[in-house]
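Coordinate inspection notes
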Amino acid sequence: MRTAVITIAAGRHRHLLLQQDGLARGVRTPDQYVIVAMDDPDIGPLTADRAPAPHVLDLPLTEGRLPLAAARNAGAARALEGGADLLLFLDVDCVPGPTLVDRYARVAEDGALLCGTVAYLPPPPPEGYDLDLLADLAPPHPARPAPADAEVRRAGDPRLFWSLSFALTAPTWNRVGGFCESYSGYGGEDTDFCATATRRGVDLWWVGGAPAYHQHHPTHDPPVQHLDDILRNGALYKRRWGTWPMIGWLRAFEALGLAVHDPACDTWRKR
């Protein structure tokens, strides 16, 4: 089974390089490493002449916004052109554990959407993270299942899917049809992807033994910097699926006086 790791990136160069280092040290290295650089011409030179050797695609912004859905589709298309049988998607902030690629490849089946565990790391020491110590720094995120290393939990709740680390076979990707490119900017496109997968009979599996480690970076909770994106993409999801995604964030925005909900027509708008 030929594997391809696909990462989309804009900035976060140190995080991307550590991810590349993690892939190089895995018990199984990917046959392809596809990086989609969103309006970031520095990524190609930065990652060149390093292992695993990347295929870097350049993608412009969409009306000034990061084209996350389109970037994942472009990365998948490049991987499939290169003969990939298994597509592994990793967030740019995620460092793969040494068994991640091998474990996904061993358990992959057509008709399954695979999600490994993700641990959120504390801030790195001045010298940076030590790849040998990542597993000791943080447990898997408590809001997602954390199966044992040899365990696979089938029939997962699709509402818990996240795009930080997941994998699926080429036929399953084609069955789902990729990400809806009407989404742009932050939020909603991954929830839509899993909703589509579920509708098309694809099962969500939580996979033990395929850990990823999310590198620390400053953030906001809720992500107020993405308010406009979340409202726009949330409304798109509502039109497509009949419910609002990211409801926890929307309610948090409401509590901060940034958004308001109209229950009469079930709409959210910026205050």
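Throughout, a residue's number is its position along its own chain's written sequence, starting from 1. Reporting of local features is limited, given that this is a predicted model, to residues whose pLDDT is at least 70; pairs of side-chain atoms are given and counted only at 80 or more, and all residues count toward the totals for whole chains, interfaces and linings. Water and hydrogen atoms were dropped before computing side-chain values, which therefore reflect all heavy atoms in the structure.

1. Description of the overall build of the protein chain
Strands are runs of DSSP state E lasting at least 2 residues, helices are runs of H or I lasting at least 4, and numbering of each runs from the N terminus. The helix and strand tally for the protein chain stands at 9 helices and 11 strands. Taking 18 Å as the expected radius of gyration for a compact globule of 271 residues, we find that the protein chain reaches 18 Å, a close match to that expectation. Its C-alpha atoms give the protein chain principal-axis dimensions of about 55 × 45 × 35 Å. The rule is simple: take the accessible area with a 1.4 Å probe, protein chains only, and divide by the maximum for that residue type; under 20% is buried, over 50% is exposed, in between is partly exposed. When the 271 residues of the protein chain are sorted by exposure, 50% land in the buried category. Taking contacts inside the protein chain between residues at least 6 apart in sequence as the whole, the part at least 24 apart equals 73%. We score Asp and Glu as negative and Lys and Arg as positive, and we do not count His or the chain ends. By convention, the point assigned to a charge is CZ for Arg, NZ for Lys, CD for Glu and CG for Asp. If you average the places of the 26 positive and of the 33 negative side-chain charges in the protein chain, the two averages end up 6 Å apart. For the radius of gyration, the atoms used are the C-alpha atoms, and the globule rule reads 2.2 Å times the number of residues raised to 0.38. The criterion used for residue contact is that any of the two residues' heavy atoms lie within 4.5 Å.

2. Things to note about the environment of alanine 9
Mapped onto the elements, alanine 9 comes out in strand 1 (residues 3-9). By relative accessible area, alanine 9 is classed as buried at 0%. Residues alanine 9 and leucine 66 lie 57 residues apart in sequence; the distance between their C-alpha atoms is 9.4 Å. Contacts of alanine 9, omitting those with residues within four sequence positions, involve Leu16, Val36, Ala37, Met38, Ile43 and Val92.

3. Concerning the side chain of aspartate 190
Locating aspartate 190 in the fold gives a position in helix 7 (residues 189-199). Among buried charged residues, aspartate 190 stands out as having no salt bridge; its nearest opposite-charge side chain is arginine 72, 5.8 Å away. Side chain to side chain, aspartate 190 and serine 163 meet in a polar contact 3.4 Å long. Basic side-chain nitrogens of Lys or Arg form a salt bridge, by our definition, when they fall within 4 Å of a carboxyl oxygen of Asp or Glu. Distance and chemistry together define a polar contact, namely a pair of N or O atoms within 3.5 Å, with one atom able to donate a hydrogen and the other to accept it when in protein, and with adjacent residues in sequence counting only for side-chain atoms on both sides.

4. Brief notes about the side chain of histidine 214
Turning to its location among the elements, histidine 214 is positioned in strand 9 (residues 203-214). With residues near it in sequence (within four places) discarded, histidine 214 still touches Asp91, Asp93, Cys94, Val118, Ala119, Tyr120, Leu121 and Leu164.

5. Thoughts on unusual backbone geometry
Here alanine 51 and proline 52 are connected by a cis peptide whose omega angle stands at -10 degrees. Along the polypeptide, proline 52 turns up in the loop between helix 2 (43-47) and strand 3 (54-59). Put simply, aspartate 221 and proline 222 share a cis peptide bond, and its omega is 0 degrees. Positionally, proline 222 belongs in the loop between strand 9 and helix 8 (227-241). At alanine 155, a position not held by glycine, the phi torsion is positive, near 55 degrees. Tracing the chain through its elements places alanine 155 in the loop between strand 7 (152-153) and strand 8 (165-169). Under the relative-accessibility criterion, alanine 155 is labelled exposed at 60%. With phi around 55 degrees, methionine 246 is a residue other than glycine that occupies positive phi space. For methionine 246, the position within the fold is in the loop between helix 8 and helix 9 (247-255). Methionine 246 sits in the buried class, given a relative accessible area of 16%.

6. A look at the environment of leucine 258
By secondary structure assignment, the location of leucine 258 is in the loop between helix 9 and strand 10 (259-262). Residue classification places leucine 258 among the partly exposed positions, given a relative accessible area of 28%. Here the alpha-carbon distance between leucine 258 and arginine 199, two residues 59 residues apart in the chain, equals 33 Å.

7. Quick word on the packing of helix 8 against helix 9
For helices, the fitted line uses only the C-alpha atoms of the stretch in contact; every axis is such a line through C-alpha atoms, and the angle between N-to-C directions lies from 0 to 180 degrees. At a minimum axis separation of 11 Å, helix 8 and helix 9 run at an interaxial angle of 130 degrees. Between helix 8 and helix 9, the angle falls in the class oblique. Crossing of helix 8 against helix 9: the hand is left-handed. Contacts between helix 8 and helix 9 pair Leu227, Ile230 and Leu231 from the former with Trp249, Leu250 and Phe253 from the latter. Here the term charged refers only to Asp, Glu, Lys and Arg, the term nonpolar to Ala, Val, Leu, Ile, Met, Phe, Trp, Tyr, Cys and Pro, and the term polar to all other amino acids, Gly among them. Per-class residue counts for the contact of helix 8 with helix 9 are 6 nonpolar, no polar and no charged. Here roughly perpendicular refers to angles of 65 to 115 degrees, roughly parallel to angles under 35, roughly antiparallel to angles over 145, and oblique to all remaining angles. With the far helix as reference, a near helix turned anticlockwise by less than a right angle produces a left-handed crossing, and one turned clockwise produces a right-handed crossing.

8. Here we look at the packing of aromatic side chains
Only the six-membered ring of Trp is used, alongside the rings of Phe and Tyr, when aromatic pairs are assigned; centres must lie within 6.5 Å, and planes under 30 degrees apart are stacked while those over 60 apart are edge-to-face, with the rest tilted. Applying the stated rule across the entire model yields 13 aromatic pairs. An angle of 5 degrees between the planes, with centres 4.6 Å apart, marks the rings of phenylalanine 89 and phenylalanine 166 as stacked. In this pair, phenylalanine 89 is assigned in strand 4 (residues 86-90) and phenylalanine 166 in strand 8, connecting sequence segments 77 residues apart. Comparing phenylalanine 89 with phenylalanine 166 shows no difference in burial state: the two are buried. Arranged with centres 6.2 Å apart and planes meeting at 35 degrees, the rings of tyrosine 237 and tryptophan 241 form a pair that is tilted. Of this pair, tyrosine 237 and tryptophan 241 both sit in helix 8, separated by 4 residues, roughly a single helical turn. Judged by its relative accessible area of 21%, tryptophan 241 is partly exposed.

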